[in-house]
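Here are the chains, one letter per residue:
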Number of protein chains: 2
Amino acid sequence: MLRSHHCGALDIKNVNEKVVLSGWVAKRRDFGSLTFIDLRDRYGITQLSFNEEYSKELLIQSRELGREFVIQIEGTVAERSNKNLKIKTGEIEIIVEKLTILNSSLTPPFTIDDETDGGDDIRMQYRYLDLRREPVRNNLILRHQVAKHVRQYLDCLDFIEVETPVLIKSTPEGARDFVVPSRMNQGQFYALPQSPQTFKQLLMVSGFDKYYQIVKCFRDEDLRADRQPEFTQIDCELSFVEQEDILNIFEGMVQHLFKEVKGIDIGTLPRMTFEDAMKWYGNDKPDIRFEMKFNYITELTRGKNFPVFDAAETVLAISAKGCATYTRKQLDELTEWVKRPQIGAKGLVYVMCNEDGSYKSSVDKFYTQEDLKAWANTSQAEAGDLLLLLCGDTKKVQKQMSELRLEMGERIGYRDKNNYKALWVIDFPLLEQDEETGKWHAMHHPFTSPKPSDIPLLDTNPGAIKANAYDLVINGVEIGGGSIRIHNKELQAKMFEVLGFSDDEARYQFGFLMNAFEYGAPPHGGIALGFDRLCSMFGGADSIRDFIAFPKNNQGRDMMIDAPSTIDDKQLTELGVRVS
Amino acid sequence: MLRSHHCGALDIKNVNEKVVLSGWVAKRRDFGSLTFIDLRDRYGITQLSFNEEYSKELLIQSRELGREFVIQIEGTVAERSNKNLKIKTGEIEIIVEKLTILNSSLTPPFTIDDETDGGDDIRMQYRYLDLRREPVRNNLILRHQVAKHVRQYLDCLDFIEVETPVLIKSTPEGARDFVVPSRMNQGQFYALPQSPQTFKQLLMVSGFDKYYQIVKCFRDEDLRADRQPEFTQIDCELSFVEQEDILNIFEGMVQHLFKEVKGIDIGTLPRMTFEDAMKWYGNDKPDIRFEMKFNYITELTRGKNFPVFDAAETVLAISAKGCATYTRKQLDELTEWVKRPQIGAKGLVYVMCNEDGSYKSSVDKFYTQEDLKAWANTSQAEAGDLLLLLCGDTKKVQKQMSELRLEMGERIGYRDKNNYKALWVIDFPLLEQDEETGKWHAMHHPFTSPKPSDIPLLDTNPGAIKANAYDLVINGVEIGGGSIRIHNKELQAKMFEVLGFSDDEARYQFGFLMNAFEYGAPPHGGIALGFDRLCSMFGGADSIRDFIAFPKNNQGRDMMIDAPSTIDDKQLTELGVRVS
């Protein structure tokens with residue numbers, strides 16, 4: 001070892017010990033006859049002291065050390081005169097007796113500090129330097145710990161981690177696959193898995209009973225700000241279980257993780273039906289850190305000659321606590337906000353519930369104080385609160401109001417990243433209809449089981465079928481989802497039929513699964529959690545990018561290694577493909 | 001849950017309990033008024049009893065149950081009259097009171113038994129049924145446990161598991177890459193990693209200090225019997241370490257795994273230089289479960305007018321314990337064996353060391369009893385042993401003799417799969433020369449550090465340079481290998497130069513690593529272990545295939561899902577590639 005201790009190890013108990021440390025020069029401070037250097041490694045920072053009295057030569061050498069030089073020193077631990085009680089090593093320093101430069105460094109293109117001066121692009125290009133920064137390193141250590149506790153929990157419950165293949169078969173269903181040309185089978189391609197869905201179901205057919213895997217998955221999608229072409233999933237499947245069993249086991253996992261990773265007792269997870277989530281929050285992943293539920297006040301607004309409300313299918317109100325003091329400017333700005341194309345509202349109606357019991361609204365022309373009071377009462381708005389109203393087609397206005405609710409929650413400060421609220425959203429519809437084509441799509445995936453009592457509706461009213469499907473939602477983010485699967489080949493065939501697969505298509509794409517179902521498939525179900533997202537949530541961050549060691553940018557490009565890149569013609573020829 | 005207990009849980013202590021079990025019908029035995037069914041799940045087998053006295057209706061139903069039907073039963077635990085003390089549940093049976101068929105099954109194409117009647121191809125095609133067989137399932141459970149203990153050991157030593165990307169950049173160096181066309185960057189390709197080598201080195205530059213990952217890697221090679229296009233690696237890297245530290249840490253891991261997985265104390269691992277391994281075993285992965293070292297008897301054979309030996313650069317002998325009784329037929333067969341093109345020897349000379357102290361050889365014409373005795377003494381051959389001699393160019397004959405030694409070890413029974421001997425092979429040459437082109441290739445990889453004292457030889461005698469590289473060998477199989485890396489950019493540039501990379505090539509392929517080395521790369525090194533191979537070794541098997549849930553065949557084809565396969569023209573067009 002090129003060290004006797006790491007840079008976070010030594011404290012006052014080690015005074016007078018001879019030690020060897022190695023690490024990076026984080027900071028150098030020169031004072032006449034004295035130089036201090038902060039030596040950094042993964043574990044911490046230790047102060048080195050070079051003193052003219054001890055060795056003039058060493059002092060001179062120390063002044064040649066630039067930022068991020070890698071050095072090894074030998075020396076003696078001494079008590080510091082000027083202590084820093086914030087860090088473990090803050091009471092001591094090392095009187096350096098020998099200095100070896102292990103490697104030099106150019107000046108980094110940005111400062112290696114908690115708050116860096118580097119922009120996104122430069123940090124991505126020099127990711128290996130960005131990863132030296134403590135917050136980024138801590139994110140990846142957190143990620144390691146989350147994985148460890150996930151495994152710990154599932155191992156204790158007799159789950160077996162099984163690796164499923166990465167080179168699989170392309171299925172046109174769902175998102176786009178990344179494909180891999182096969183050299184040995186020219187003209188044919190492997191695909192990278194969007195999830196190990198069919199393999200984990202096959203493992204259940206094989207009797208594996210309880211499977212998990214922390215596994216890379218791939219989607220060739222146009223990347224939004226916070227998507228990655230490769231991402232990691234905690235993938236689980238169990239046999240001989242019902243929905244209730246899965247919810248209980250993974251509620252236990254969520255509780256375990258919060259306890260172990262954050263020291264938080266997250267408590268019992270409430271359950272909310274998809275229908276209720278849409279009705280009261282306009283969202284299948286409601287943020288329940290705060291209430292501010294929707295109030296349906298359509299009837300109360302009718303017949304007062306306000307044509308906008310009279311014409312609307314639904315009028316919704318939310319009550320924003322303590323916001324009655326909003327200025328005209330703030331209200332105008334909020335109106336502009338809901339009218340942005342991303343939200344799409346035509347306008348915003350407000351009612352200020354003044355401290356004196358009176359009301360001031362943007363529709364005073366049409367409504368009396370009594371009217372406004374009725375709205376406020378229905379919406380549990382009290383003196384000092386601001387009532388915000390949107391109207392329109394029910395589904396659209398629910399969606400718009402959901403955005404406004406989240407925005408107001410943000411502004412009021414309800415969405416504290418260190419406050420965690422998790423819930424299950426259950427009873428999802430099995431199918432959703434494409435508005436343009438009228439085609440039915442699986443809301444979850446084509447292997448999700450309808451609730452048994454709803455199976456007859458497959459022929460008569462597919463849209464009304466509820467599925468044994470569930471999502472885990474934390475702080476308004478969908479962290480995971482799953483379902484009880486179909487294990488009966490006739491029902492699976494029926495499902496493919498409803499989804500518009502021909503027999504041939506179904507057989508070509510999922511023949512192996514249909515075949516497997518001929519040989520004693522057990523009842524089974526499972527769940528998959530977004531591991532990157534889970535980690536970023538535990539880290540209190542919005543973006544998953546800094547919880548991935550080497551992420552790609554929005555063009556799917558790794559800026560550091562400059563991939564993808566062109567390849568040799570020879571390579572292409574061997575593969576039997578051409579760039580067109 | 002569709003069960004109160006699993007099929008391996010119940011024993012005599014549970015008698016009279018009401019239970020619910022679910023599982024597969026493994027066997028049915030009908031006896032007039034009585035039917036027994038072996039119900040199987042992952043955990044074991046429990047006997048079900050259907051009795052006419054209890055319910056004629058249930059008895060009739062039970063006789064409709066075919067092999068591999070999935071059923072759920074309710075019943076009462078009873079003591080068996082005819083006990084099977086070999087299994088935990090063998091003292092009890094369940095008197096069935098209710099039977100539900102959860103799924104039917106076609107008759108499987110082969111028997112789901114420890115010894116199956118299914119051939120390789122059919123088992124691969126119906127892998128989900130093959131995985132139901134206990135030996136295959138146990139292999140995957142073993143794999144899970146090995147992974148668990150690897151993580152446990154490394155976690156305890158403060159290693160951090162970091163996921164490195166799967167979509168990376170193609171490098172023409174080394175084996176062929178699998179490539180992935182990029183839709184968003186048309187004409188460009190990602191490559192799948194052959195190993196995370198450069199990323200783990202970058203993590204060291206980032207200060208991660210101790211990294212590991214159990215990770216999928218990919219090689220588009222023509223597949224030999226026991227290679228897979230995707231395989232799993234235990235990948236590790238450490239900073240501020242020397243070779244000795246790495247050997248100690250991973251020797252500890254090997255000891256930990258043998259203890260935890262096999263209950264075996266493997267002891268201290270001996271170390272052997274590459275030079276010694278080649279000299280005494282003709283092999284850089286010597287099987288040291290048995291001695292049978294090479295004896296160099298060239299000088300003893302000279303000048304006796306046997307032209308074959310006189311002309312040979314080297315004459316080697318090994319002594320096969322107790323084989324002096326080999327028949328003429330056995331010796332002829334062994335001679336044919338060494339003359340096969342895979343071995344390539346011109347012939348085989350033998351000396352039988354008879355019990356009476358005399359010698360009988362195939363070269364009695366040329367050599368006296370005294371000559372033969374001298375050979376035998378030098379080779380520690382005793383009465384009853386068989387001396388086997390090969391001759392030729394040193395390197396070639398070492399290789400041939402290595403094969404013969406292993407073959408004789410096998411025949412004598414020295415290569416017991418339940419006897420484990422591990423060692424380190426160290427001091428590998430840094431470079432090897434292509435005989436045809438004269439070009440130098442990195443024996444390990446281009447990032448391996450020469451021994452510091454050998455660095456000057458880079459300009460004068462590259463072939464003589466020893467590397468800080470090491471292999472972990474168990475029972476004659478290379479389980480892993482690693483090296484101390486180059487951390488100095490000048491030395492790395494020099495290395496690329498010796499390997500015949502132009503500056504441009506080196507920069508295009510490894511520019512990001514060379515850049516990273518400009519910013520304070522610490523001294524570092526690591527190791528990678530073949531996880532599939534390690535598991536198959538712990539499982540006492542030769543092939544890795546049954547330690548992989550869904551392996552591919554020798555054509556790189558997944559027989560079960562029938563991948564690779566053709567893909568839509570539309571998909572190809574989107575990707576901007578054509579099949580040529």
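Residues numbered from 1 in each chain as written. Chains lettered and ligands numbered in written order. Predicted model: local features only at pLDDT ≥ 70, side-chain atom pairs only at ≥ 80, totals over all residues. Heavy atoms only, no water.

(A) Local environment of the overall build of chain A. A tally of regular secondary structure across chain A gives 17 helices and 23 strands. With the principal axes as the frame, chain A shows a C-alpha extent of 90 × 75 × 50 Å. Across the 580 residues of chain A, 59% fall into the buried class. Here the contacts in chain A between residues at least 6 apart in sequence split such that 65% fall between residues at least 24 apart. Surface exposure of chain A reaches about 23900 Å², of which carbon and sulfur atoms provide 47%. In chain A, the 72 positive side-chain charges and the 89 negative ones have mean positions that sit 3 Å from each other. (Helix = DSSP H or I, 4+ residues; strand = E, 2+ residues; numbered from the N terminus. Buried < 20%, exposed > 50% of the residue type's maximum accessible area, 1.4 Å probe, protein only. Contact = heavy atoms within 4.5 Å. Areas by Shrake-Rupley, 256 points an atom, 1.4 Å probe, with all protein chains shown as cover. Lys, Arg positive; Asp, Glu negative; His and termini not counted. Charge placed at Lys NZ, Arg CZ, Asp CG, Glu CD.)

(B) Focus on the sheet that holds strand β17 (residues 422-426) of chain B. Residues and elements named next belong to chain B. Strand order in the open sheet formed by eight strands is β6-β9-β10-β22-β21-β20-β17-β11, and the pairing between neighbours is mixed. Of all the strands in the sheet, just β6 (160-161) and β11 (271-273) have a single pairing partner and so form its edges. Pairing of strand β10 (residues 230-239) with strand β22 (residues 524-530), which is carried by seven bridges, proceeds in the antiparallel orientation. Along β22, the bridge assignment pairs D235 with A528. Sheet strands touched by helix α5 (residues 197-205): β9 (210-218), β10 and β22. Its angle to β10, the strand with the most contacts, is close to 25°. In the packing of helix α6 (residues 243-262) onto the sheet, the strands contacted are β10, β11, β17, β20 (469-474), β21 (477-484) and β22, and the crossing angle to β20 comes to about 15°. (Pairing = 2+ DSSP bridges. Axes fitted to C-alpha atoms, helices over the stretch in contact; angles between N-to-C directions.)

(C) Focus on the sheet that holds strand β3 (residues 44-51) of chain A. Residue and element names in this part refer to chain A. Read around the closed barrel, five strands run β1-β2-β3-β5-β4, paired in mixed fashion. Going across the sheet, the axis of each strand differs from the next one's by a mean of 55°, ignoring polarity. Sheet analysis places strand β1 (residues 18-31) next to strand β2 (residues 34-41), joined by seven bridges and oriented antiparallel. Bridging across to β2, D30 finds its partner in T35.

(D) Spotlight on the interface of chain B and chain A. The partner chain A presents 125 residues to the 125 residues of chain B that form the contact. For the pair chain B and chain A, the two sides together bury roughly 11200 Å², of which 58% comes from carbon and sulfur. The largest per-residue losses of area from chain B upon contact with chain A belong to E163(B), F240(B) and Y519(B), which jointly make up 8% of the total buried on that side. At the surface where chain B touches chain A, the tally comes to twelve salt bridges. Run the count over chain B and chain A and you get 78 residue pairs in polar contact (both at pLDDT 80 or more). Considering every element that reaches the side of chain B that touches chain A, the biggest residue donor is helix α4 (residues 134-156) of chain B, with eight residues. Sheet topology note: the strand β23 (residues 577-579) of chain A/strand β23 (residues 577-579) of chain B ladder contains three bridges and is antiparallel. Each residue of the ladder has a partner; that of V577(A), found in β23(B), is V579(B). (Buried area = accessible area lost by both parts, 1.4 Å probe. Salt bridge = Lys/Arg side-chain N within 4 Å of Asp/Glu carboxyl O. Polar contact = N/O pair within 3.5 Å; in protein donor to acceptor, adjacent residues only side chain to side chain.)

(E) Empty space enclosed by the protein, seen in detail. Considering all chains together, one arrives at seven cavities of 30 Å³ or more under this definition. When its residues are assigned to classes, the lining of the largest cavity shows 21 nonpolar, nine polar and 13 charged. Put simply, the second largest cavity is a space of about 150 Å³. The wall of the second largest cavity is formed by 20 residues, among which E163(A), R143(B), K216(B), I548(B) and A549(B) lie closest to the centre. The set of elements that each furnish at least two residues to the lining of the second largest cavity consists of α4 and β10 of chain B. Within the lining of the second largest cavity, the residues separate by chemical class into nine nonpolar, four polar and seven charged. (1 Å grid on protein atoms, 1.4 Å probe; cavity = no way out; pocket = protein on both sides within 12 Å on 5 of 7 lines; lining within 4 Å. Points joined across faces, edges and corners; volume = space filled by probe spheres on them. Nonpolar A, V, L, I, M, F, W, Y, C, P; charged D, E, K, R; others polar.)

(F) Structural context of the packing of aromatic side chains. Within the structure shown, the criterion is met by 48 aromatic pairs over all chains. Considering the side-chain rings of F306(A) and F366(A), the 4.7 Å spacing of their centres and the 35° angle between planes classify their relative orientation as tilted. Of this pair, F306(A) sits in the loop between α8 (298-301) and α9 (307-311) while F366(A) sits in the loop between β15 (359-361) and α11 (369-378), placing them 60 residues apart in sequence. On the basis of relative accessibility, which here comes to 10%, the residue F306(A) falls in the buried class. Each member of the aromatic cluster is reached from another via a ring pair, and the members are F306(A), F309(A), F366(A), Y367(A) and W375(A). Its guanidinium or amino end placed over the ring of Y508(A), K169(A) lies 4.7 Å from that ring's centre, counting from NZ or CZ. Taking the ring centre of F290(B) as reference, the NZ or CZ of R405(B) above it sits at 4.0 Å. (Phe/Tyr/Trp six-rings, centres within 6.5 Å; stacked < 30°, edge-to-face > 60°. Lys NZ or Arg CZ within 6 Å of the ring centre and 35° of its normal.)

(G) Representation of the pairing of strand β1 (residues 18-31) of chain B within the structure. Note: β1(B) against strand β4 (residues 70-79) of chain B, seven bridges, orientation antiparallel. By the bridge assignment for β4(B), W24(B) is matched with V70(B).

(H) Layout of the nonpolar core. The biggest cluster of nonpolar side chains holds 58 residues, and the ones touching the most others in it are L202(A), L203(A), Y128(B), F550(B) and M560(B). Ranked by the residues each element gives to this core, the list is headed by helix α15 (residues 503-516) of chain A, at six residues. Beyond its immediate chain neighbours, meaning those up to four positions away, Y128(B) contacts L202(A), V205(A), S206(A), F512(A), N515(A), A516(A), Y519(A) and M560(B). (Core = buried A, V, L, I, M, F, W, Y, C linked by side-chain atoms within 4.5 Å.)

(I) Representation of helix α6 (residues 243-262) of chain A. All names here are of chain A. The end-to-end C-alpha distance of α6, which contains 20 residues, comes to 27 Å, matching closely the 28 Å that a straight helix rising 1.5 Å per residue would cover. Most of α6 sits inside the fold, with 14 of its 20 residues counted as buried. G263, located one to two residues past α6, shows a positive phi value of around 65°. (Expected span 1.5 Å × (residues − 1).)

(J) Seen up close, the packing of helix α14 (residues 489-498) of chain B against helix α15 (residues 503-516) of chain B. Residue and element names in this part refer to chain B. Between α14 and α15, the shortest axis-to-axis distance is 12 Å and the interhelical angle comes to 160°. One way to sum up the angle between α14 and α15 is to call them roughly antiparallel. For the element pair α14 and α15, the recorded crossing hand is right-handed. Of the residues in α15, those in contact with Q492, A493 and F496 of α14 are A506, F510 and M514. In terms of residue class, the contact of α14 with α15 is made up of five nonpolar, one polar and no charged. (Parallel < 35°, antiparallel > 145°, perpendicular 65-115°, else oblique. Left-handed = near helix turned anticlockwise from the far one by under 90°.)

(K) Summary view of the domain arrangement of chain A. Under the domain assignment, chain A is made up of domain 1 (12-103), domain 2 (159-262 + 528-575), domain 3 (290-412) and domain 4 (422-523). For domain 1 of chain A and domain 4 of chain A, the distance between their C-alpha centroids amounts to 63 Å. (Domains from an automatic or database assignment.)

(L) Structural detail: the relation of the copies chain B and chain A. Expressed as a screw transformation, the operator carrying chain B onto chain A has a rotation angle of 180° and an axial translation of 0.0 Å, and the superposed copies differ by an RMSD of 0.1 Å. In short, the pair behaves as if placed about a two-fold rotation axis. When the interface residues of chain B are mapped onto chain A, 100% of them again fall at the interface, so both copies present the same face. (Least-squares fit on C-alpha atoms with pLDDT ≥ 70 in both.)

(M) The pairing of strand β13 (residues 314-320) of chain A, seen in detail. Residue and element names in this part refer to chain A. Counting buried residues in β13 gives seven out of seven residues, a clear majority hidden from the surface. Side chains T314, L316, I318 and A320 of β13 all project onto a buried face; the interleaved residues V315, A317 and S319 project onto the opposite face, where all are buried too. Both strand β12 (residues 295-296) and β13 contribute to a ladder of two bridges, which runs antiparallel. When the bridges of β13 are listed, Y296 appears paired with L316. Of the strand pairs in this sheet, β13 and strand β16 (residues 386-392) are connected by seven bridges, and their pairing is antiparallel. Looking at the pairing, L316 lines up with L390 of β16.

(N) View of the confidence of the model for chain A. With 100% of its residues at a pLDDT of 70 or more, chain A shows a mean pLDDT of 95. The ipTM assigned to the predicted complex is 0.95, against a pTM of 0.95. (pLDDT = per-residue confidence, 0-100.)

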